[in-house]
Amino acid sequence: MNFERIKEKLNILADAAKYDVSCSSSGSKRTNTNKGLGDSSGMGICHSYTEDGRCVSLLKILLTNHCIFDCAYCVTRKSNDVKRTAFKIQEVVDLTINFYRRNYIEGLFLSSGIFKSPDYTMERLVAVAKKLREEENFNGYIHLKSIPGASDELMYEAGLYADRLSVNIEIPTISGLKLLAPDKKHEDFTKPMLKVKNELIRYKNERKIIKSTPKYAPAGQSTQMIVGATGETDKDIMYSATHFYKNYNMKRVYYSGYVPVANDKRLPSIGSQVPMLRENRLYQTDWLLRFYGFAVNEIVNDSHPNLDTDIDPKLSWALRNLHYFPVDINKADKRMLARIPGLGMQSVGKILNARKFRKLNWDHLKKIGVALNRAKYFIVCDSRHWEQRDLDAERIKGMILQNSSGKFRNQYSSQLSLFN
């Protein structure tokens, strides 16, 4: 093995993979058998993170940065003048095993540019996972990035060896995809997703009858959307995400702020700010939809197509719907408690349990962990202290912002002077 050449490939292909953020490993319970190497069961994969929150705990590389497509937003597009290289299948296997033995990683996140054809590329990705499982007896986490346009047969085989599969939808709308990647078809993305969804359902049903049925992609499938490359509103993005959650049983949808990589009049210019705050608000909205019982049209709709940047989406919804408030903390049901700004689901559970024994006041709520600097404007409890009356939405918003802090606060702090 030429170590200098491998190191050069690793530098190029690891750098090219950094734009893909959908490398979560949650949901897999693959256990170590026959004294094999690695284990993704129990507490799962241990992650470390970069300053902007991206996961770096897996060996995250491309198989190749050669590509037959010319997507305007992609650093590996065929028209981009970058140094090209490719790993051999055995080289990826050896890197994964050697990095694991040195305790650098707990698993593999493998994506690729598309060279020759989708099936040719997907076949090589599957071959890496198959070698790791069958020849190296590797039981660590494997996430394979599925190739748009790959055949059903290869998608089926990929799920037998990978813990998670994902096909990046890339651009949230069909019109945006046509603008920036005219060589690609929307159905090339959705067809592999549908195959994985159907196989997950089939295997789940078979395991109810035959316990020895092998696992198929036990961590499910995910996708990723690029935010800010085209003119989609937050409504467009979240409606698209909801569609994929509902119709393809997505485990996660990831949102990635566009990093300008090309001088193209269709795209933001090089040097433009990456929309990290917008990305953060989309993740908060995603969380509300999945865990807090909100419907997508409650948060973004025709009259409110974009998320507020200065406040989180739950607070924004509450300020637009003050007729629901104040909520009596000792009487409200779980659904309404979850909609109060400053209350997370753990706090909601604690409140429901605690009020079985007594009426709760401000001191009790503080001990429970409620963020009273937000919640006090929207609730009443067994106390008159702090109770707020006759405050409109703008006044409440200003008072909350004056007492808030966060990593994005400097981006909108100039607005606070309005309320001094």
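Residues numbered from 1 in each chain as written. Predicted model: local features only at pLDDT ≥ 70, side-chain atom pairs only at ≥ 80, totals over all residues. Heavy atoms only, no water.

J.: What should I look at first to understand the pairing of strand 2 (residues 107-111) in this one?
T.: The side chains of a regular strand alternate between both faces of the sheet. Of all the 5 residues making up strand 2, 5 are buried; the element is thus mostly covered by neighbouring parts of the structure. Of the two faces of strand 2, the one lined by Gly107, Phe109 and Ser111 and the one lined by Leu108 and Leu110 are each fully buried. Summarising the sheet, strand 1 (residues 59-62) and strand 2 pair through 4 bridges and their orientation is parallel. Paired with Ile61 across the bridge in strand 2 is Leu110. Here strand 2 pairs with strand 3 (residues 141-145) via 4 bridges, running parallel. Note on strand 3: the bridge partner recorded for Leu110 is Leu144. This β-α-β element, strand 2 to helix 3 (residues 118-135) to strand 3, shows right-handed connectivity. (Buried < 20%, exposed > 50% of the residue type's maximum accessible area, 1.4 Å probe, protein only. Helix = DSSP H or I, 4+ residues; strand = E, 2+ residues; numbered from the N terminus. Pairing = 2+ DSSP bridges. Right-handed = clockwise from strand over helix to strand, strands pointing away.)

J.: Would you mind going over the environment of Asn263 with me for this structure?
T.: Looking at the element boundaries, Asn263 is found in the loop between strand 6 (252-257) and helix 8 (276-291). Classification of Asn263 by relative accessible area gives exposed; the value is 72%. Remark: the alpha-carbon pair of Asn263 and Tyr73, spanning 190 residues in sequence, is separated by 10.0 Å.

J.: Explanation requested: the side chain of Lys235 in the structure shown.
T.: Relative to the helices and strands, Lys235 is located in helix 7 (residues 234-248). Within the structure, the side chain of Lys235 is placed 3.5 Å from the side chain of Asp302, a separation counted as a polar contact. If sequence neighbours within four positions are ignored, Lys235 has contacts with Val300, Asn301, Asp302 and Pro305. (Polar contact = N/O pair within 3.5 Å; in protein donor to acceptor, adjacent residues only side chain to side chain. Contact = heavy atoms within 4.5 Å.)

J.: Quick question: what am I supposed to make of the packing of aromatic side chains here?
T.: Aromatic ring pairs: the centre-centre distance and the angle between the two ring planes describe each pair. For the coordinates displayed, the defined rule picks out 13 aromatic pairs. Here Phe294 and Trp317 contribute two aromatic rings whose centre-to-centre distance is 5.4 Å and whose plane-to-plane angle is 85 degrees, an arrangement assigned as edge-to-face. Of this pair, Phe294 sits in the loop between helix 8 and helix 9 (296-299) while Trp317 sits in helix 10 (residues 313-320), placing them 23 residues apart in sequence. A single burial state applies to Phe294 and to Trp317, both of which are buried. Aromatic side chains Trp317 and Tyr324 sit 5.6 Å apart centroid to centroid with 15 degrees between the ring planes, which places their arrangement in the stacked category. One aromatic cluster is present, built from ring pairs that chain together Phe294, Trp317, Tyr324, Phe325 and Phe378. The ring of Trp317 is capped by Arg339, whose NZ or CZ atom sits 5.1 Å from the centre of that ring. (Phe/Tyr/Trp six-rings, centres within 6.5 Å; stacked < 30°, edge-to-face > 60°. Lys NZ or Arg CZ within 6 Å of the ring centre and 35° of its normal.)

J.: Where do I start with unusual backbone geometry in this structure?
T.: With the exception of glycine, the majority of residues adopt a negative phi angle, and the majority of peptide bonds are in the trans configuration. A cis geometry characterises the amide bond from Phe325 onward to Pro326, with omega recorded as 0 degrees. Relative to the helices and strands, Pro326 resides in the loop between helix 10 and strand 7 (327-328). Phi at Asn137 is positive, roughly 55 degrees, even though this residue is not glycine. On the secondary structure map, Asn137 appears in the loop between helix 3 and strand 3. Overall, the relative accessible area of 26% leaves Asn137 in the partly exposed class. Backbone geometry at Ala217 places phi at a positive 40 degrees, although glycine is not the residue there.

J.: Sorry, what's going on with the pattern of salt bridges here?
T.: Within this structure, the stated rule accounts for 18 salt bridges. Here Asp163 makes a salt bridge to Arg133, at a shortest N to O gap of 2.7 Å. A residue pair is termed long-range when its members are at least 10 positions apart, and Asp163 in the loop between helix 4 (152-161) and strand 4 (164-166) and Arg133 in helix 3 qualify at 30 residues. Neither residue differs from the other here; Asp163 and Arg133 are each classed as buried. With a shortest N-O distance of 2.7 Å, Asp286 and Arg290 are connected by a salt bridge. One end of the pair, Asp286, and the other, Arg290, are both in helix 8, 4 residues apart, so they sit about a helical turn from each other. Overall, the relative accessible area of 27% leaves Arg290 in the partly exposed class. (Salt bridge = Lys/Arg side-chain N within 4 Å of Asp/Glu carboxyl O.)

J.: What exactly am I supposed to notice about the sheet that holds strand 6 here?
T.: Backbone hydrogen bonds hold the strands of a sheet together, and the pairing may be parallel or antiparallel. In space, the 6 strands of this open sheet follow the order 1-2-3-4-5-6, with parallel pairing throughout. A strand with exactly one partner marks an edge of an open sheet, and here the two such strands are strand 1 and strand 6. Each neighbouring strand pair of the sheet contributes to a mean axis angle of 20 degrees, computed without reference to strand direction. Two elements, strand 4 and strand 5 (residues 221-227), share 2 bridges in a ladder whose sense is parallel. Its bridge partner being in strand 5, Leu165 is matched across the sheet by Gln221. The sheet strands contacting helix 8 are strand 5 and strand 6, and the helix crosses strand 6 at an angle near 165 degrees. (Axes fitted to C-alpha atoms, helices over the stretch in contact; angles between N-to-C directions.)

J.: Whenever I open this one, the environment of Ala162 confuses me. Can you help?
T.: Take Ala162: it is sitting in the loop between helix 4 and strand 4. By relative accessible area, which is 0% here, Ala162 ends up buried. Put simply, Ala162 and Val126 are 36 residues apart on the chain and 8.3 Å apart in space, counted from C-alpha to C-alpha.

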